[in-house]
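Residue-level listing of the chains:
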Amino acid sequence: MRTNKNLIAFGFLIHRPSPFSSSSSHRVARRRLLSKVVWERSLVEKEDDEGGEEVDGSLDEYVSRLSIDRKFMRQAIDHAKVGYGGTFPNPAVGCVIVDANNNVVGKGFHPQAGFPHAEVFALFEASGAVDDGILAAKSVLPNTIPNEEGRKVTDLLNVYASDGGASKLFGDCLKDNYESPITAYVTLEPCCHYGRTPPCAMTFVQAGVDRVVVGFRDPNPRVDGGGVKVLQENGVNVSFIRGKEEQACAKMVENFVKRITSDSDDFESSMTGAHRSVLRSLAGRMKADGIMPELSVALEDDEARIRDEEDETLEDVVNKFPLKARWLEEVDRILWSKEVILLRLGGVVAKKKAAKYLGIRIAKELGATVAQTVGHTVLLYRPGDPPGLNLNQMIEAKSQA
């Protein structure tokens, strides 16, 4: 990594001619600002080990770039918030693309699983395929009345998912239409794996992005630095945002990170009847105290309640019932916070047996376990990160009571 070491010397920084007034308060403010810059620049130096871009240029250039990066990352965070809570099992992500003159040429967010990521919606706008990447993403949100924009996005997605689709839609579109360098701001590291669509990292390369600023490194084992590596191997500079913006990006994907990095199989395989018994006792006390977290499954207008199917087909019907991403996201959030939740499923199932099947399915989706099924209610448990309930201690205390 190339770094102008003279800029890192603290003494050099505070004796550099100041653009501020020479008053005492301004000198103090200047020193504080420069101390902060030195600290942040030292963080950027560490990016060499993480695959970050090289640092060069004057202090003023660095401070100016840092300010610009923060500004556009905050915009990307705002866009990510539009989809927040409705993308399960995917994370909420936002993206902003700017040209050399810091004009925004594309923006997007991830609307829901099964649709393009934020980077692709931003490129839809930057390439001229849609007028506004945010409106295009909103057009495919759940419960949105079908419209022309949504149909256009679906057609674009089909092209994007086809052989060579990324190149067909975005090949050099940024270099052909805008002044370089082109910078993309993404709240989460671009993916590098093939799923329903091509990897976003490679799509950025094909579109002609010169630099990518990442808000948070994706801990998903299928990514985990792979997106950065793909970008760098293809000549794209990569930076990592720091400070409040980094924290905001991390907060946005907090529960997603827990889902990806926690090993639910370990706790599930060790669950015993005694563990479930103390969980039932705990739930009873929490209900009596009025602190038991509960959630009901609600039907949408176009959905029918699961009724009296034959037993041999009931499980199949339950497994096809559409569970809403926003509802699953909320159950997931409560489980990370409280570790237990009581689900009331009578609104969607008529048979108690169907409630049992649906509870098992929900538990599987969330990496949880069913501690109890009574009537149309299901008690779920999943240890927090770190765990808050010590079930073995609870068993021992119960045996000594």
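How each quantity is defined
- Sequence order as written defines residue numbering, which begins from 1 separately in each chain.
- Two thresholds apply to this predicted model, a pLDDT of at least 70 for residue-level local features and 80 or more for giving and counting side-chain atom pairs, whereas whole-chain, interface and lining totals are computed over all residues.
- Calculation of side-chain values draws on the structure's entire complement of heavy atoms; hydrogens and water are dropped beforehand.
- Strand pairing requires that DSSP identify at least two bridges connecting the strands.
- Secondary structure follows DSSP: runs of H or I at least 4 residues long count as helices, runs of E at least 2 residues long count as strands, and numbering of each begins at the N terminus.
- All axes are obtained by fitting lines to C-alpha atoms, using only the stretch in contact for helices, and the reported angles, taken between N-to-C directions, cover 0 to 180 degrees.
- Counted as salt bridges are all cases of a side-chain nitrogen of Lys or Arg within 4 Å of a carboxyl oxygen of Asp or Glu.
- Any residue under 20% of the maximum accessible area for its type is buried, any over 50% is exposed, and the rest in between are partly exposed; the area is computed with a 1.4 Å probe on protein chains only.
- Per-residue confidence from the predictor is given as pLDDT, running between 0 and 100.
- Here, residues are in contact when the closest pair of their heavy atoms is within 4.5 Å.
- Two cysteine sulfurs form a disulfide in these notes if their separation is within 2.5 Å.
- Oblique is the label for any angle not covered by the other classes, which are roughly parallel (under 35 degrees), roughly antiparallel (over 145) and roughly perpendicular (65 to 115).
- By convention, the crossing between two helices is left-handed when the near helix turns anticlockwise from the far helix through less than a right angle, and right-handed when the turn is clockwise.
- Note on aromatic contacts: the rings of Phe and Tyr and the six-membered ring of Trp form a pair at centre separations within 6.5 Å, being stacked when their planes are under 30 degrees apart, edge-to-face when over 60 apart, and tilted otherwise.
- Whether a charge lies above a ring is judged from NZ of Lys or CZ of Arg, which has to be within 6 Å of the ring centre and within 35 degrees of the ring normal.

Caption draft 1: Quick look at the sheet that holds strand β8 (residues 369–374). Pairing is mixed across the open sheet formed by four strands, whose spatial order is β6-β7-β9-β8. For this open sheet the edge positions go to β6 (294–296) and β8, each flanked by a neighbour on one side alone. Pairs of neighbouring strands in the sheet enclose a mean axial angle of 25°, with direction left out of account. Pairing analysis gives five bridges linking strand β7 (residues 340–344) to strand β9 (residues 377–381), with the strands arranged antiparallel. The residue of β9 that forms the bridge with V340 is Y381.

Caption draft 2: Geometry of the pattern of salt bridges. Counted according to the given criterion, the structure contains 16 salt bridges. Put simply, E125 and K107 hold a salt bridge, and the shortest N to O gap is 2.9 Å. One end of the pair, E125, is in helix α5 (residues 118–127); the other, K107, is in strand β2 (residues 104–109), and 18 residues separate them in sequence. The class of E125 is buried, set by a relative accessible area of 12%. R242 is paired through a salt bridge with E246; the nearest N and O atoms lie 3.6 Å apart.

Caption draft 3: Representation of the confidence of the model for the protein chain. Residues of the protein chain with pLDDT of at least 70 account for 81%, and the chain-wide mean is 84. Ignoring residues within four places in sequence, the model shows residues 1–23, a span with pLDDT below 50, making 44 contacts including any to other chains. Across residues 33–49, confidence stays below pLDDT 50; counting only partners more than four residues off in sequence or on other chains, it has 38 contacts.

Caption draft 4: Geometry of the state of the cysteines. With the rule as written, the count across this model stands at zero disulfides. In this structure C95 is not part of a disulfide, and its nearest cysteine sulfur, from C200, lies 8.5 Å away. Classification of C95 by relative accessible area gives buried; the value is 0%. In this structure C200 is not part of a disulfide, and its nearest cysteine sulfur, from C191, lies 3.8 Å away.

Caption draft 5: Region of interest: the environment of V331. Structurally, V331 is set in helix α17 (residues 325–338). Linking V331 and A363, residues 32 residues apart in sequence, is a C-alpha distance of 10.0 Å. Filtering out sequence-adjacent residues up to four positions away, V331 remains in contact with L295, I341, L343 and L366.

Caption draft 6: Quick look at the packing of α5 against helix α10 (residues 200–207). Two numbers describe how α5 lies on α10: the axes approach to 9 Å, and their chain directions differ by 20°. If you check the angle between α5 and α10, you find them roughly parallel. The two elements α5 and α10 meet at a crossing, and its hand is left-handed. Packed against α5, whose contacting residues are E119, V120 and L123, the element α10 presents C200, T203, F204 and A207 at the interface.

Caption draft 7: Focus on the packing of aromatic side chains. Counting across every chain of the model gives five aromatic pairs. Arranged with centres 5.5 Å apart and planes meeting at 35°, the rings of F72 and Y185 form a pair that is tilted. Of the two residues, F72 is situated in helix α4 (residues 59–83) and Y185 in strand β3 (residues 183–186); the sequence distance between them amounts to 113 residues. With relative accessibility at 2%, the residue F72 sits in the buried group. Considering the side-chain rings of F267 and Y381, the 5.7 Å spacing of their centres and the 85° angle between planes classify their relative orientation as edge-to-face. Taken together, the positions of F267 in helix α14 (residues 264–270) and Y381 in strand β9 put the pair 114 residues apart, joining distant regions of the chain. You can call F267 buried: its relative accessible area is 12%. For Y381, a relative accessible area of 4% corresponds to the buried category. Aromatic ring contacts, followed pair by pair, group F121, F124, Y160 and F170 into a single cluster. Sitting over the ring of W336, R382 keeps its end group 3.8 Å from the ring centre.

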